[in-house]
Amino acid sequence: MATGDAQIQRAVAILAGARRVGVLSGAGISAESKIPTFRDAMEGLWKSFDPQELATPEAFARNPERVTRWYDFRRRMCLDARPNPGHLALAELERLMNGCGGWVTILTQNVDGLHQRAGSRDVVELHGSIMTWRCCETGEPFHDLPEAFEQYPPRTPAGTMLRPNVVWFGEALPEEAIDRACEVAASCEVFLTVGTSSVVYPAAGFTHLAREHGATTIEINPTETPASDLVDLSIRAKSGEALPMIVAGVRKVLE
Ligand code: OAD
């Protein structure tokens, strides 16, 4: 693997010496689960879809059928996807840290639910979840959804429209998610940013916040991002390759 072993070993030493770990994850951690990222030149989702046409309240108001069809297509793609070694490694890191009285909290920008399916329990969904849809009138969440909707836009038993419980452009992030994320960034000893282009705020800002509070910051991404010069250690690698090696090293030190 291209990543220097020295970088991996440095990440192992940093994490093995910590008990409070924050993680910011982005679409890149799910790329190896075959879920397209948003901005990657080769395969980015936005290459074939215009987000302004699909991921805004105005787009939904203009054409609820088109928007809900697109999101249901993405929801079923996520259901068919499997957590990859990167997700599984973060779940293992949480178990290791919990075992020595510590914690790992994942602040994810992803809506695919793969961290939870990998076994991570402390996950903050900054941009909501495509696995839950909510009533447009009452906000009531619906978690138990059919494999495929019978109609688009889907409707509640009362006949009101359902929308995906994700954050659209122009919408605020869930307040409790923001509060939790600020708490984690301000109190963690190590902040890992994985598989994100670090261009969308407020999510990208949590790396800055963690650093301002004295956390050691590590980035894992095959390409450079605006965070690469900010962090203490920037590892040019796929998360599905680097994370299992790092967590295996941490396990050796802690067990
Ligand atoms: P992007 O598509 O912007 O960035 C994906 C990042 O993952 C890029 O920096 C890639 O280099 C990196 N990447 C690709 N494959 C990888 C791999 N195998 N391992 C590690 N990294 C890899 O996705 P996000 O940064 O998540 O917001 O985008 C942030 C937000 O922009 C999304 O949550 C979405 C979008 O608008 C909303 O939907 C509100």
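For the structure itself, consult the block above.
Predicted, not measured: the structure shown is a model, and the values here were computed from it.

A.B. asks: Would you take a moment to explain the pairing of strand S4 (residues 128–135) for this structure?
C.D. replies: Looking along a regular strand, one sees side chains alternate from face to face of the sheet. A large share of S4 lies buried, amounting to seven of its eight residues. Pairing between S4 and strand S6 (residues 162–166): five bridges, direction antiparallel. Residue pairing across strands places Arg-134 opposite Arg-163, the latter belonging to S6. Looking at chain direction, S4 and strand S5 (residues 141–142) are connected through two bridges and run antiparallel. In the sheet register, Trp-133 faces S5, and the bridge partner there is Phe-142. Hairpin connection between S4 and S5: a loop of five residues separates the two successive antiparallel strands, and Gly-139 in this loop has a positive phi of roughly 80°.

A.B. asks: How should the site of the ligand be read in this particular structure?
C.D. replies: Phe-38, Arg-39, Thr-196, Ser-197 and Asn-221 are the nearest of the 23 residues found near the ligand. Between the ligand and Arg-39, the relevant distance is 2.7 Å, taken from an oxygen atom to a main-chain nitrogen or oxygen of the residue. For the ligand, the accessible surface in isolation is 800 Å², of which the surrounding protein chains cover 93%. The pocket occupied by the ligand, as judged from atoms lying within 2 Å of grid points, is the largest pocket.

A.B. asks: Is there a simple way to explain the packing of helix H8 (residues 175–187) against helix H9 (residues 205–212) in this structure?
C.D. replies: Axis angle and axis distance: for two packed helices, these are the angle between their axes and the distance between the axes, and together they describe the pair. At a minimum axis distance of 8 Å, the contact between H8 and H9 shows a crossing angle of 35°. On the side of H8, the interface is formed by Ile-178, Ala-181, Cys-182 and Ala-185, while H9 contributes Phe-206, Leu-209 and Ala-210. Considered class by class, the residues forming the contact of H8 with H9 number seven nonpolar, no polar and no charged.

A.B. asks: Any chance you could explain the packing of aromatic side chains here in plain terms?
C.D. replies: For any pair of aromatic rings, the description consists of the separation of the ring centres together with the inter-plane angle of the planes. For the structure shown, the criterion picks out five aromatic pairs. Look at Tyr-71 and Trp-168: their rings are 6.0 Å apart centre to centre, the planes differ by 55°, and that puts the pair in the tilted class. In this pair, Tyr-71 is assigned in helix H5 (residues 64–80) and Trp-168 in the loop between S6 and H8, connecting sequence segments 97 residues apart. Accessibility classification places Tyr-71 together with Trp-168 in one group, the buried group. Taken together, the ring pairs connect Phe-60, Trp-70, Tyr-71 and Trp-168 into an aromatic cluster.

A.B. asks: I would appreciate a short explanation of the side chain of Glu-92 in the present structure.
C.D. replies: Within the secondary structure, Glu-92 sits in helix H6 (residues 85–99). With relative accessibility at 17%, the residue Glu-92 sits in the buried group. Leave out the neighbours within four places in its chain, and Glu-92 touches Val-247 and Arg-251.

A.B. asks: Sorry if this is basic, but what is going on with the layout of surface pockets here?
C.D. replies: One water molecule sets the probe size; rolling that probe over the atoms shows where empty space is left. In this structure, the largest pocket spans a volume of roughly 1000 Å³. Lining the largest pocket we find 48 residues, and of these Gly-26, Ala-27, Thr-37, Phe-38 and Arg-39 sit closest to its centre. Among the elements of the structure, helix H2 (45–48) and H5 are those that each provide at least two residues to the lining of the largest pocket. Examining the composition of the lining of the largest pocket, we find that four residues originate from one element, H5, more than from any other. Considered class by class, the residues forming the lining of the largest pocket number 25 nonpolar, 15 polar and eight charged. Space inside the second largest pocket adds up to approximately 250 Å³. The wall of the second largest pocket is formed by 16 residues, among which Glu-125, Gly-128, Asn-165, Pro-174 and Glu-176 lie closest to the centre.

A.B. asks: Explain the pairing of strand S2 (residues 103–108) here, please?
C.D. replies: With five of its six residues buried, S2 lies for the most part within the structure. Where strand S1 (residues 20–25) lies against S2, six bridges are found, and the strand directions are parallel. Looking at the pairing, Leu-24 lines up with Leu-107 of S2. As paired strands, S2 and strand S3 (residues 123–125) are joined by three bridges and run parallel to one another. In the sheet register, Thr-108 faces S3, and the bridge partner there is Glu-125.

A.B. asks: Before we go on, may I ask you to explain the pattern of salt bridges in this structure?
C.D. replies: Where charged atoms from two side chains of opposite charge approach closely, those side chains can pair. If you walk through the whole model with that rule in mind, you get eleven salt bridges. The closest approach of N and O atoms between Glu-92 and Arg-95, which form a salt bridge, is 3.3 Å. Of the two residues, Glu-92 and Arg-95 both sit in helix H6, three residues apart, roughly one turn of that helix. Looking at Arg-95, the relative accessible area reads 46%, which means it is partly exposed. Salt bridges sharing partners connect three or more residues here, namely Asp-72, Arg-75 and Arg-76.

Criteria and thresholds
- Residues numbered from 1 in each chain as written.
- Predicted model: local features only at pLDDT ≥ 70, side-chain atom pairs only at ≥ 80, totals over all residues.
- Heavy atoms only, no water.
- Buried < 20%, exposed > 50% of the residue type's maximum accessible area, 1.4 Å probe, protein only.
- Helix = DSSP H or I, 4+ residues; strand = E, 2+ residues; numbered from the N terminus.
- Pairing = 2+ DSSP bridges.
- Near = heavy atom within 4 Å.
- Polar contact = N/O pair within 3.5 Å; in protein donor to acceptor, adjacent residues only side chain to side chain.
- Areas by Shrake-Rupley, 256 points an atom, 1.4 Å probe, with all protein chains shown as cover.
- 1 Å grid on protein atoms, 1.4 Å probe; cavity = no way out; pocket = protein on both sides within 12 Å on 5 of 7 lines; lining within 4 Å.
- Sits in = over half its atoms within 2 Å of the grid points.
- Axes fitted to C-alpha atoms, helices over the stretch in contact; angles between N-to-C directions.
- Contact = heavy atoms within 4.5 Å.
- Nonpolar A, V, L, I, M, F, W, Y, C, P; charged D, E, K, R; others polar.
- Phe/Tyr/Trp six-rings, centres within 6.5 Å; stacked < 30°, edge-to-face > 60°.
- Points joined across faces, edges and corners; volume = space filled by probe spheres on them.
- Salt bridge = Lys/Arg side-chain N within 4 Å of Asp/Glu carboxyl O.

In short, geometric facts, not functional conclusions.
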